[in-house]
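Okay, here's what each chain looks like letter by letter:
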Amino acid sequence: MKLKPGFVLREILEEWMVMPVGEPSTRFPYMISLNETGAGLWKQLQVDTTEPALVEWLTGEYDVTREVAQADVARFLADARAKGVLDE
């Protein structure tokens, strides 16, 4: 899975924002606010990856247990799917 094209991640005044550009902006007329962890997961999804790979990245980047990382990644992916930004 990876992100659909047409979304850019920007840091604005120490806040991470995802904005649609081009055609996606006609069907996705709002921005997504992310924390640092969410921004990191977003960056990982810019190339084709898997849920287990995201969990591995999260446990390597932050001091969290595998169980916490799995729950966080699952929640992030569920939200991304609900917003329609994942290409699976």
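Residues numbered from 1 in each chain as written. Predicted model: local features only at pLDDT ≥ 70, side-chain atom pairs only at ≥ 80, totals over all residues. Heavy atoms only, no water.

Here the focus is the overall build of the chain. A tally of helices and strands in the chain yields 4 helices and 5 strands. Each helix and strand of the chain, ordered N terminal to C terminal, gives the series β-β-β-α-β-α-α-α-β. The globule rule puts the C-alpha radius of gyration for 88 residues at 12 Å, and the 13 Å found for the chain is close to it. By principal-axis analysis of the C-alpha atoms, the chain measures approximately 40 × 30 × 20 Å. (Helix = DSSP H or I, 4+ residues; strand = E, 2+ residues; numbered from the N terminus. Rg over C-alpha atoms; globule rule 2.2 N^0.38 Å.)

You can see Leu34 is positioned in strand 4 (residues 32-34). Sequence separation of Leu34 and Glu11 is 23 residues, and the distance between their C-alpha atoms is 9.6 Å. Not counting chain neighbours up to four residues away, the residues in contact with Leu34 comprise Leu9, Trp16, Val18, Ala39, Trp42 and Phe76. (Contact = heavy atoms within 4.5 Å.)

This brings us to unusual backbone geometry. If a residue is not glycine, its phi is most likely negative; likewise, a peptide bond is most likely trans. Backbone geometry at Leu13 places phi at a positive 50 degrees, although glycine is not the residue there. Along the chain, Leu13 falls in the loop between strand 2 (7-12) and strand 3 (15-20). Using a relative accessible area of 79% as the deciding quantity, one classes Leu13 as exposed. Even without glycine at this site, Glu14 takes up a positive phi of about 65 degrees. Along the chain, Glu14 falls in the loop between strand 2 and strand 3. (Buried < 20%, exposed > 50% of the residue type's maximum accessible area, 1.4 Å probe, protein only.)

To continue, consider the pattern of salt bridges. Tallying each qualifying case throughout the model produces 5 salt bridges. In this structure, the salt-bridge partner of Arg66 is Glu56, at a minimum N-O distance of 2.7 Å. With Arg66 in helix 4 (residues 66-83) and Glu56 in helix 3 (residues 51-61), this residue pair connects regions lying 10 residues apart in the sequence. In this structure Glu56 comes out as partly exposed when scored by relative accessible area, which is 44%. Between Arg75 and Asp72 there is a salt bridge whose closest N-O contact spans 2.5 Å. Separated by 3 residues within a single helix, Arg75 and Asp72 lie in helix 4, roughly one turn from each other. (Salt bridge = Lys/Arg side-chain N within 4 Å of Asp/Glu carboxyl O.)

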